[in-house]
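A look at the structure
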Amino acid sequence: MTRGRGIRRSAALAVALGLGLSGSLVAGPAGAGEKEGPAVRWGTCPEDVAAEAAPVVLECGTVSVPKDYADPGGDRIELMISRLASTNPDKRRGTLMLNPGGPGGSGLSQPAFLANRGIPSEVLDTYDVIGMDTRGIGRSAPVACGFTPEGPYFANIPPYAVDDAAVTARAKVVKEVAEQCARRDKDGVLRHLTTANTARDLDRIRAALGEERTSFLGYSYGTALGAAYASMFPGRSDRIVLDSNIGDTHLDRDGMRRYALGVEQTFPDFARWAAARHDSYGLGRTPAEVRRTYFSLAERLDEKPVDGFDGNVLRQLTFGYLFKEVQYAKLAQQWQALKSGDTEALRAADTGGRAADTPPSLDNQLSVFLAVSCNDIAWPTSVDTYRKGVAEDRARYPMFGAATANIMPCAYWPYPPAEEPVAIDDEGPRNILLVQNLRDVPTPHVGGKLLRQKFADRSRLVSVDDSGHGVYVYGDNPCALNTTTRYLVDGKMPGKDTFCRAG
């Protein structure tokens with residue numbers, strides 16, 4: 001594996017790891033016409049989950065659900081869930097289900113992650129916090145298309161297409177990827193990985209936990225899942241928090257192309273940071289100079305890669321490291337090494353490029369991302385459509401648009417959507433709090449505005465003057481933290497949309 005391939009893989013995994021989504025089925029209660037599921041029998045979590053959760057101790061259990069909800073009496077799959085139980089029965093309200101994003105992110109250790117990161121203890125008193133591997137992920141009937149870091153498909157973001165010929169060449173790669181996934185779908189689970197089915201699973205889990213309603217906290221793609229659940233089961237939804245919104249109940253081509261908008265809106269924060277540190281990194285004395293460095297360096301690497309690093313590596317690397325300000329220094333270090341052409345410095349900076357850093361679940365995560373994204377909605381099938389989109393977005397979003405508009409395996413996906421995407425229901429209870437940074441790479445602020453419009457008076461939007469992916473507990477804005485905690489603990493929804501100043 002080349003060094004460039006390794007670091008490109010590591011940067012592009014940022015979304016896949018979370019963090020960033022007919023024979024119509026009835027979008028009704030998942031237990032309609034059937035008895036409520038049996039109670040979950042809690043036990044010890046798998047060793048790796050327990051180790052990741054430490055020092056917090058979680059319990060784990062399983063819930064059985066139909067593989068195909070159109071055939072509820074047919075084959076079933078087992079979903080593994082985790083619990084960080086409230087220890088204060090006087091304050092306990094119910095359950096708070098979590099989703100970390102993806103699609104493709106494992107969430108079994110997420111209750112402990114939030115606890116270890118400092119989620120207010122009042123939230124932990126109010127809820128049994130429930131994590132899970134949703135269908136297809138980890139220990140819940142995992143799927144695998146057979147992707148490897150050395151293969152041509154190792155990231156859920158397409159490579160930057162420098163011209164029309166690059167789109168045509170990529171089309172051949174992703175066509176084989178789609179066929180490869182179909183060949184490996186031996187047990188037929190892959191075609192049933194959809195946001196709607198996962199929302200139905202959430203309702204089965206709710207029933208198995210013995211709850212009449214459930215609260216939900218979802219990040220990134222988890223906002224699509226939460227929006228779907230609140231729309232399919234409005235009477236079963238309690239307090240819903242959707243953080244870093246993709247803008248609908250599914251990720252489609254428009255949503256993917258908005259990643260490039262997020263890069264354009266977020267990059268100025270890094271440019272200001274780097275300009276203030278020019279004497280250390282030499283990337284430009286002004287934000288405008290830093291931006292010019294990006295383009296000149298990318299073009300130079302396109303023509304003459306350095307130690308396996310080409311222009312696409314730089315673009316993917318920058319995309320991944322813009323997710324959080326804490327990563328800016330690492331990004332500047334990588335740029336500095338690439339700019340100087342110092343291969344020794346590049347090796348020292350390339351901590352993400354070692355094969356040992358490749359998560360063993362890479363194949364699983366990328367496979368779930370593809371299956372859910374492609375199964376949820378039909379994508380364009382014409383290569384010309386993607387060539388046109390790449391040309392448009394190369395001009396509109398020059399930093400990254402020719403990557404996110406590039407062709408995906410969804411163009412050749414062998415399974416047509418089994419049903420229409422979940423439609424937003426704006427007639428349910430006013431119980432949806434949308435939380436969104438103004439500058440966010442994979443989920444730009446417009447995603448929160450889109451869901452706010454679709455949910456109408458069911459929702460309120462909290463806009464935060466901050467940069468990065470993830471707000472509640474992931475960020476440190478006091479206004480956003482306090483507003484979200486008040487809602488989860490006391491049910492106090494803001495009377496109107498709220499703007500949280502930088503703080």
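Further up the page is the structure itself.
Every chain's residues receive numbers from 1 upward, in the order its sequence appears when written. Where totals are concerned, whole chains, interfaces and linings use all residues; where local detail is concerned, this predicted model gives features only for residues with pLDDT of at least 70, and gives and counts side-chain atom pairs only at 80 or more. Side-chain measures here rest on the full set of heavy atoms in the structure, leaving out hydrogens and waters.

With that settled, consider the environment of Pro 429. Numbering goes from the N terminus for both helices and strands, where a helix is a DSSP run of H or I of at least four residues and a strand is a run of E of at least two. Inspection of the secondary structure assignment puts Pro 429 in the loop between helix H16 (401-404) and strand S8 (432-439). Remark: exposure states derive from per-residue accessible area (1.4 Å probe, protein chains only) relative to the maximum for the residue type, with buried under 20%, exposed over 50%, and partly exposed in between. For Pro 429, a relative accessible area of 36% puts it in the partly exposed group. As for Pro 429 and Asp 457, which are separated by 28 residues in sequence, their C-alpha atoms are 8.7 Å apart. Contact between two residues is taken to exist if any of their heavy atoms lie within 4.5 Å; hydrogens are not considered. If we ignore the near neighbours within four places in the chain, the residues touching Pro 429 are Pro 234, Ser 237 and Arg 458.

Residues Ala 54 and Pro 55 are joined by a peptide bond in cis, for which omega reads 5°. Mapped onto the fold, Pro 55 is located in the loop between helix H2 (47-53) and strand S2 (59-66). The omega angle of the peptide bond from Gly 102 to Pro 103 is -5°, so this bond is cis rather than trans. Mapped onto the fold, Pro 103 is located in the loop between strand S4 (94-99) and helix H3 (110-117). Its identity is not glycine, yet Ser 220 carries a phi of approximately 55°, on the positive side. By the element assignment, Ser 220 lies in the loop between strand S6 (214-219) and helix H7 (221-232). The phi dihedral of Ser 244 falls on the positive side, at around 70°, and the residue is not glycine. Among the structural elements, Ser 244 can be located in the loop between strand S7 (237-243) and helix H8 (253-275).

So, on to helix H5 (residues 164-184). Every helix has an expected span of 1.5 Å times one less than the residues it contains. With 21 residues, H5 extends 31 Å from end C-alpha to end C-alpha; this agrees with the ideal 30 Å at 1.5 Å per step. The set of residues buried in H5 consists of Val 167, Arg 170, Ala 171, Val 174, Val 177, Ala 178, Gln 180 and Cys 181. One side-chain oxygen at the N-terminal end of H5 lies 3.2 Å from the backbone nitrogen of Ala 165; it belongs to Asp 163. Throughout this description, a polar contact denotes any pair of N or O atoms lying within 3.5 Å of each other; where both atoms belong to protein, one of them has to be capable of donating a hydrogen while the other can accept it, and for residues adjacent in sequence the pair is counted only when both atoms sit in side chains.

Here we come to the pairing of S4. Of all six residues in S4, six are buried, a share of seventy percent or more. Note that S4 and strand S5 (residues 127-132) share four bridges and pair parallel. Across the sheet, residue Thr 95 finds its bridge partner in S5, namely Asp 128. For two strands to be treated as a pair, DSSP must find no fewer than two bridges joining them. Examined bridge by bridge, S4 and S6 share four bridges and lie parallel to one another. Residue Met 97 lies in a different strand from S6, and its bridge partner there is Phe 216.

This paragraph deals with the packing of helix H6 (residues 195-208) against H7. Every axis in this analysis is a line fitted to C-alpha atoms, fitted for helices over the stretch in contact. Angles between the N-to-C directions lie between 0 and 180 degrees. At their nearest, the axes of H6 and H7 sit 9 Å apart, and the two run at 65° to each other. Taken together, the axes of H6 and H7 are roughly perpendicular relative to one another. Both H6 and H7 take part in a crossing whose hand is right-handed. Between H6 and H7, the residues in contact are Thr 195, Ala 196, Thr 198, Ala 199, Arg 200, Leu 202, Asp 203 and Arg 206 and Tyr 221, Ala 224, Leu 225, Ala 228, Tyr 229 and Met 232, respectively. Asp, Glu, Lys and Arg are counted as charged, while Ala, Val, Leu, Ile, Met, Phe, Trp, Tyr, Cys and Pro are counted as nonpolar; the rest, among them Gly, fall into the polar class. Class assignment for the residues of the contact of H6 with H7 results in nine nonpolar, two polar and three charged. An angle below 35 degrees is treated as roughly parallel, one above 145 as roughly antiparallel, one from 65 to 115 as roughly perpendicular, and anything else as oblique. The hand of a helix crossing depends on one turn: near helix anticlockwise from the far one by less than a right angle means left-handed, and clockwise means right-handed.

For the rest of this paragraph, the subject is the pattern of salt bridges. Here a salt bridge means any side-chain nitrogen of Lys or Arg lying within 4 Å of a carboxyl oxygen belonging to Asp or Glu. One pass over the structure, following the stated rule, counts 27 salt bridges. Between Glu 264 and Arg 291 there is a salt bridge, with its nearest N and O atoms 3.1 Å apart. With Glu 264 in helix H8 and Arg 291 in helix H10 (residues 287-303), the pair connects residues that are 27 residues apart, well separated along the chain. Given the relative accessible area of 16%, Glu 264 is considered buried. A salt bridge links Asp 384 to Arg 387, with the nearest nitrogen and oxygen atoms 2.2 Å apart. Within this pair, Asp 384 and its partner Arg 387 are both found in helix H15 (residues 383-396), separated by three residues, close to a single helical turn. Given a relative accessible area of 22%, Arg 387 falls into the partly exposed group. Residues joined by salt bridges that share partners form a network here, namely Arg 257, Glu 392, Asp 393 and Arg 396.

This paragraph deals with the packing of aromatic side chains. Any two of the Phe, Tyr and Trp rings considered here, Trp counted by its six-membered ring, make a pair once their centres fall within 6.5 Å; the pair's planes then place it as stacked at under 30 degrees, edge-to-face at over 60, or tilted in between. Under the criterion given, the structure shown has 18 aromatic pairs. Residues Tyr 294 and Phe 295 carry aromatic rings whose centres are separated by 5.3 Å and whose planes lie at 85° to one another, so their mutual orientation is edge-to-face. Assessed through its relative accessible area of 1%, Tyr 294 is described here as buried. Every member of this aromatic cluster is reached through a ring pair, and the members are Phe 267, Phe 270, Trp 273, Tyr 281, Tyr 294, Phe 295, Tyr 328 and Trp 335. Above the plane of the ring of Tyr 160 lies Arg 315, whose end atom (NZ or CZ) is 3.8 Å from the centre. Either the NZ atom of lysine or the CZ atom of arginine qualifies as a charge over a ring when it sits within 6 Å of the ring centre and within 35 degrees of the ring normal.

Now for the state of the cysteines. In plain terms, two cysteine sulfur atoms within 2.5 Å form what is called a disulfide here. Applying the stated criterion across every chain yields a total of four disulfides. A disulfide bridge connects Cys 145 with Cys 181, and the sulfur atoms are separated by 2.1 Å. Its S-S torsion of approximately 115° makes the covalent link between Cys 145 and Cys 181 right-handed. Placement of Cys 145 in the loop between S5 and H5 and of Cys 181 in helix H5 is noted, with a sequence separation of 36 residues between them. Here the two residues Cys 145 and Cys 181 agree in accessibility, since each one is buried.

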